[in-house]
Amino acid sequence: MANLFPPCPKCDSEDISKNGVIKGKQRYKCRTCMYNFTVEKMGKSIDSYYVVKALQLYIEGVSYREIERLLGISHVSVMNWVKKYQIKIPKQNLATPTYKILNHRELAEFVAKSQNVEGKGMLVTELGDKFMVIQWDRIVFN
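Worth saying up front: this structure is predicted, and the values here are computed from it rather than measured.

Novice: Just to check I follow, could you spell out the packing of aromatic side chains for this structure?
Specialist: The description of an aromatic ring pair rests on the distance of the ring centres and on the angle between the ring planes. For the structure shown, the criterion picks out five aromatic pairs. Summarising the aromatic geometry, the rings of Tyr58 and Tyr64 are spaced 5.3 Å apart at their centres and angled 15° between planes, so their arrangement reads as stacked. A relative accessible area of 24% places Tyr64 in the partly exposed class. Each member of the aromatic cluster is reached from another via a ring pair, and the members are Phe5, Tyr28, Tyr35 and Phe37.

Novice: Explain the nonpolar core here, please?
Specialist: Formed by 16 residues in total, the largest nonpolar core has its most connected members in Leu57, Ile67, Leu71, Val78 and Trp81. Elements with a minimum of two residues in this core: helix 1 (48–59), helix 2 (64–71), helix 3 (75–84) and strand 6 (130–137). At five residues, the largest contribution of residues to this core is made by helix 1. Every residue in contact with Ile67, bar those within four places of it in the chain, is listed here: Ala54, Leu57, Tyr58, Val62, Gly72 and Val78.

Novice: Explain the UniProt feature "domain: InsA N-terminal zinc ribbon" (unreviewed entry) in the protein chain here, please?
Specialist: Sequence positions flagged by UniProt for "domain: InsA N-terminal zinc ribbon" (unreviewed entry) are, in local numbering, residues 7–33. Within residues 7–33, the helical portion is 0% and the strand portion 48%, while the C-alpha atoms at the span's ends are 12 Å from each other.

Novice: I'm lost on the side chain of Lys53 in this one. Help?
Specialist: Among the secondary structure elements, Lys53 is positioned in helix 1. No salt bridge forms around the buried Lys53; measuring N to O, its nearest opposite-charge neighbour Glu126 is 6.1 Å away. A distance of 3.1 Å separates a polar side-chain atom of Lys53 from the backbone oxygen of Glu126. In contact with Lys53, not counting residues within four places along its chain, are Leu71, Thr125 and Glu126.

Novice: Explain the sheet that holds strand 4 (residues 98–102) here, please?
Specialist: Paired through their backbone hydrogen bonds, the strands of a sheet run either parallel or antiparallel. Here three strands make up an open sheet; going across it, the order is 4-6-5 and the pairing antiparallel. Strands at the two margins of the open sheet, each flanked by one partner only, are strand 4 and strand 5 (120–127). The average undirected angle you get between the axes of adjacent strands in this sheet is 20°. Examined bridge by bridge, strand 4 and strand 6 share five bridges and lie antiparallel to one another. Residue pairing across strands places Leu102 opposite Phe131, the latter belonging to strand 6. The strands touched by helix 1 are strand 5 and strand 6; relative to strand 5, the strand with the most contacts, the crossing angle is about 160°.

Quick notes on the rules
- Per-chain numbering applies: the sequence of each chain, read as written, is numbered from 1 onward.
- Given that this is a predicted model, residues contribute local features only at a pLDDT of at least 70 and side-chain atom pairs are listed and counted only at 80 or more, while totals for whole chains, interfaces and linings are drawn from all residues.
- Excluding hydrogens and water, the side-chain figures rest on all heavy atoms present in the structure.
- Planes of paired rings set the category: under 30 degrees apart is stacked, over 60 is edge-to-face and the rest tilted, where pairs are Phe, Tyr or Trp rings (Trp by its six-membered ring) whose centres lie within 6.5 Å.
- Accessible area is worked out with a 1.4 Å probe on protein chains only. A residue is then buried under 20% of its type maximum, exposed over 50%, and partly exposed in between.
- Within this scheme, the nonpolar core is defined by two criteria: the residues are buried Ala, Val, Leu, Ile, Met, Phe, Trp, Tyr or Cys, and they are joined through side-chain atoms within 4.5 Å.
- Counting from the N terminus, the helices are DSSP H or I runs at least four residues long and the strands are E runs at least two residues long.
- What makes two residues a contact is simply this: any of their non-hydrogen atoms within 4.5 Å.
- UniProt positions are given in the numbering used here, feature names are shortened, and annotations may be inferred rather than shown by experiment.
- When charges are counted, Lys and Arg contribute as positive and Asp and Glu as negative, whereas His and the chain ends are disregarded.
- Any Lys or Arg side-chain nitrogen located within 4 Å of an Asp or Glu carboxyl oxygen qualifies as a salt bridge.
- N or O atoms closer than or at 3.5 Å make up a polar contact, with two conditions inside protein: a donor-capable atom paired with an acceptor-capable one, and, for residues adjacent in sequence, both atoms drawn from side chains.
- Two strands are counted as paired when DSSP detects at least two bridges linking them.
- Axis definition: a line fitted to C-alpha atoms, over the contacting stretch in the case of helices. Angles run 0 to 180 degrees between N-to-C directions.

Put into structure tokens, the structure is as follows:
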């Protein structure tokens, strides 16, 4: 018989029992990690594509507010995802990334110019119907 209770959001265990009602919502307790939780509310959810894009931008050094402007997702949501997935920004080197949002034609023109790509590290990622180019100066070791 399949378990009728939702899995634990903390440890994914299915060893769950009912544990009262709070504000009209059923409360559950995980017998494995002893975590108390209620069923996730039904509401607006954000596609995992945007979660991944937001976290990629965060790792590249883009600020929470700038991610909000680029993706149209609340900076608080991005902060919560960083905390939830325990994302740590790598130690910054001397090069700080810059980024541009380009359509397909603009991207082709940008990459065709050698001064835009020589001596630079570059990451191109899809962003809906456009592309984001993240660039940084390459570090030359002697």
